[in-house]
Every structure is written in structure tokens, then in C-alpha cells.
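Coordinate inspection notes
Each chain, written out:
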Amino acid sequence: MRVTTLAGGIGGARFIRGLKAHLAASGQESHITVIGNTGDDIWVHGLRVCPDLDTVMYTLGDGIDTERGWGRRDETFHAKEELQAYGVEPTWFGLGDRDIGTHLVRTASLNAGYPLSDVTRALCARWKPGVELLPMTNDRAETHVIVDSPDVPGNRVAMHFQEWWIKYRASLPAHDFVFIGIENATPAPGVLEAIAEADVIVLPPSNPIVSIGTILAVPGITDALSQTDAPIVGISPIISGAPVRGMADACLTARGIETTALAVGLNYGARNSGGILDGWLVDTSDADAESDLEAAGIGCRAVPLFMTDVPATAAMAEHAIDLAQALRSAG
Ligand code: FO1
């Protein structure tokens, strides 16, 4: 079975770990392609950092710091401390010593002219994540957040997503999110094929605005999703009106979307009315959303959605695939 997922960082990576476990337990031959968000990418101290790609690679390659959810296990931050001692900005970005190894290899390869997709494949040759990890695009499309300037009252500025997320903990009200240059970006090699040739497409419980939303903004990807024969099932990142982790609520509010499982599902929209969803999993606590989603043409099941451990996440993945297959046979 070929499963394609569109994934952001921590939530997406954790879900894919469960998806891998479920498919392995099912005993059938399977292949997972992860289309990773690169809107979070940033140049830091001359190094190219790809947070969501690295989070998927480290999580599935068992190198992740499970407490933080990002960066390397057994990490130290001596280089960061040295840079801080020199007063070099950004001091707010947590660049780990082991993680710098990845960024040095990536930066040197990019500078040598290799596209990000080739570089990601080379990095994965070491980590062996057990999935095919593709950047959504090889072109730059960095997410910036439109906020009221914290320094010049009355001014609005575009701040890199990482600064908003890390330095300000998303506390500055976001007026909007812009993906700089995304209108000129093209899907990376293999992305459109992974969508067209999938047996099932799953949207993990990643941030619908700045993770999955960014991927959908790459020209050609939404069209490919609306045209593929594969059923598309998403998993709500919102449970009982709150994001499970991260700050998806701050992002949803910026776009005028209610922080509910129903609103996020309706925002992706039903495929038979111009959206991208055939099915949507909500948590058992949000079962009351089922009828409205079904009425909108989105098949819905209410199942436990807390990714407390790999078995619980594997069960979520099984529900997503079962729903996708039920919707396919329902035609
Ligand atoms: N997140 C933080 O909250 N603080 C950090 O200092 C930080 C550093 C960092 C370095 C490399 C990397 O791959 C991820 C890092 N993250 C950090 C997480 C990152 O900001 C988020 O995971 C994504 O960009 C949002 O999903």
C-alpha cells in the first residue's frame, strides 16, 4: 500500500511513527512518502536549517530529543553559548552542536548546487527514517508572520515564523501569514507523483495553517490532491476546542477560523465541493461534529486522537486508513 502524507513538524512526525508501526504490523508491503513543510526553513549563522524536515528525519530515524520534540537527543549547545558570548544574533534560536552537523552538510551541499530534495535524500541515507521524505518544494517559500511591530508601535512588520514562534512564543497577535515567494515555487521532484500514485493520502494532525496550509500553497499541489484517485483523510489537530500541542489556535485565529475540529475540517473542505477532504477523524470528545461534517460531504469518524504512545498513534493511523478504504469503496 502506498501512503502519502503532508507533514509539518512535531505532530506530523509523531503521527508518521504510528503510521509506520501500523503498516508494519499489518504485514502488507507498504511505502510511505512524506511531503514535508519547508516554510519554517531559516538561515541561521550562515547555516540552512529545515526544522520540519529534520524533525521527521530525526523522529523516524530515532535521533530526536523526545522531550523537546525537535533537535537531537543527547544534545549540547556550546556553539550557541559561544555565539551568545560574542553577542551574535539570533541568540533566541536553539542551535544544538549535534544538529549543526546536519546543517553544515546541508549548507555545503546546497552551496555546491544540489537541490534540497537531493540533500534531504542524502541526509536520510544516514538516518534511514523508513519513509521517502520529500521537501514540498526546492524553492524558497519561507513563512513570515504579519504582526504589530514590537519595536515601533503602530507599524506592522513581517517577522520570520521562527522568530514569532520561538522568541515571542506566538504571543504577538498574528494578522496573517505569508509564504514569501511561494507563488514562484514548484513542487519538488516526486511530490506530484506521490499524490497521483498514492493508494491513500493522510493529513496528519499538523498545524493546518503554517504546516499543511503552507504545503497546499505550493502551486500545483492542491490541484493534484483534488484530482488524485486516492481517498484523502485528515486527522484533526484540535481536540475539544484546543490544539494538542503547539499554537495552532493562534494561527487559526489569524485566519478567522474557529479553533474546533469541525471548523478545521470544513476549512480544508470536502473534495466534492472544491476542497481536499474525503474523510476527517475527530476525537471522541468531538463526536458532535460528525453530522455537520457528513452534511458537508466529509466522511467522519470519532476516535481517540491523543498520540500518547506509538500504539495509540498506530490505532489512529488504522482508523484513518480504514475510513479512507470505506470511502473509496463507497465510491
Ligand atoms: N523550537 C523552540 O521552541 N525553540 C528553539 O530554540 C528551537 C530551535 C530549533 C532548532 C532546529 C530545529 O530543527 C527546530 C527548532 N525548534 C525550536 C523547533 C521549531 O521552531 C519548530 O519545530 C518548527 O519550526 C515548528 O513546527
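Above this text you will find the structure in question.
Keep in mind it's a predicted model, so treat the numbers as computed, not measured.

Quick notes on the packing of helix α2 (residues 51–60) against helix α4 (residues 97–111)
Taken N-terminus to C-terminus, the directions of α2 and α4 make an angle of 125°; their axes are 12 Å apart at the nearest point. Considering their axes alone, α2 and α4 lie oblique with respect to each other. Both α2 and α4 take part in a crossing whose hand is right-handed. Contacts between α2 and α4 involve Asp54, Met57 and Tyr58 on the former and, on the latter, Asp99, Thr102, His103 and Arg106. Of the residues contributing to the contact of α2 with α4, the split by class is two nonpolar, two polar and three charged.

A few points about the nonpolar core
Trp164, Phe177, Ile195, Leu203, Leu225, Tyr268 and Trp280 are the most contacted members of the largest nonpolar core, which has 55 residues in total. Counting contributing residues, this core receives three or more from each of domain 1 (2–37 + 187–330) and domain 3 (142–180). Residues contacting Leu203, with those up to four places away along its chain left out, are Leu6, Ile212, Ile232, Val233, Gly234, Ile235, Tyr268, Ile276 and Leu277. Judged by nonpolar contacts, the second largest core, of 38 residues, contains Ala7, Ala13, Ile32 and Met316.

Let's talk about the environment of Gly190
With respect to the helices and strands, the residue Gly190 is situated in the loop between β8 (174–179) and α7 (191–196). Sequence spacing of Gly190 and Ile35 is 155 residues, and the spatial spacing of their C-alpha atoms is 9.3 Å.

Focus on helix α5 (residues 116–127)
Between its first and last C-alpha atoms α5 spans 16 Å; for 12 residues at 1.5 Å apiece the expected length is 16 Å, and the two agree. Of the positions making up α5, those classed as buried are Leu116, Ser117, Val119, Thr120, Leu123, Cys124 and Trp127. Down the axis of α5, the buried set is contained in an arc of 155°. They therefore lie on one face. Relative to its buried face, α5 has exposed residues pointing more than 90 degrees away, namely Arg121, Ala122 and Arg126. Downstream of α5 by a residue or two, Lys128 has a phi angle that is positive, lying close to 45°.

Reading guide: rules and limits
- Residues numbered from 1 in each chain as written.
- Predicted model: local features only at pLDDT ≥ 70, side-chain atom pairs only at ≥ 80, totals over all residues.
- Heavy atoms only, no water.
- Axes fitted to C-alpha atoms, helices over the stretch in contact; angles between N-to-C directions.
- Helix = DSSP H or I, 4+ residues; strand = E, 2+ residues; numbered from the N terminus.
- Parallel < 35°, antiparallel > 145°, perpendicular 65-115°, else oblique.
- Left-handed = near helix turned anticlockwise from the far one by under 90°.
- Contact = heavy atoms within 4.5 Å.
- Nonpolar A, V, L, I, M, F, W, Y, C, P; charged D, E, K, R; others polar.
- Core = buried A, V, L, I, M, F, W, Y, C linked by side-chain atoms within 4.5 Å.
- Buried < 20%, exposed > 50% of the residue type's maximum accessible area, 1.4 Å probe, protein only.
- Domains from an automatic or database assignment.
- Expected span 1.5 Å × (residues − 1).
- Arc of directions from axis to C-beta.

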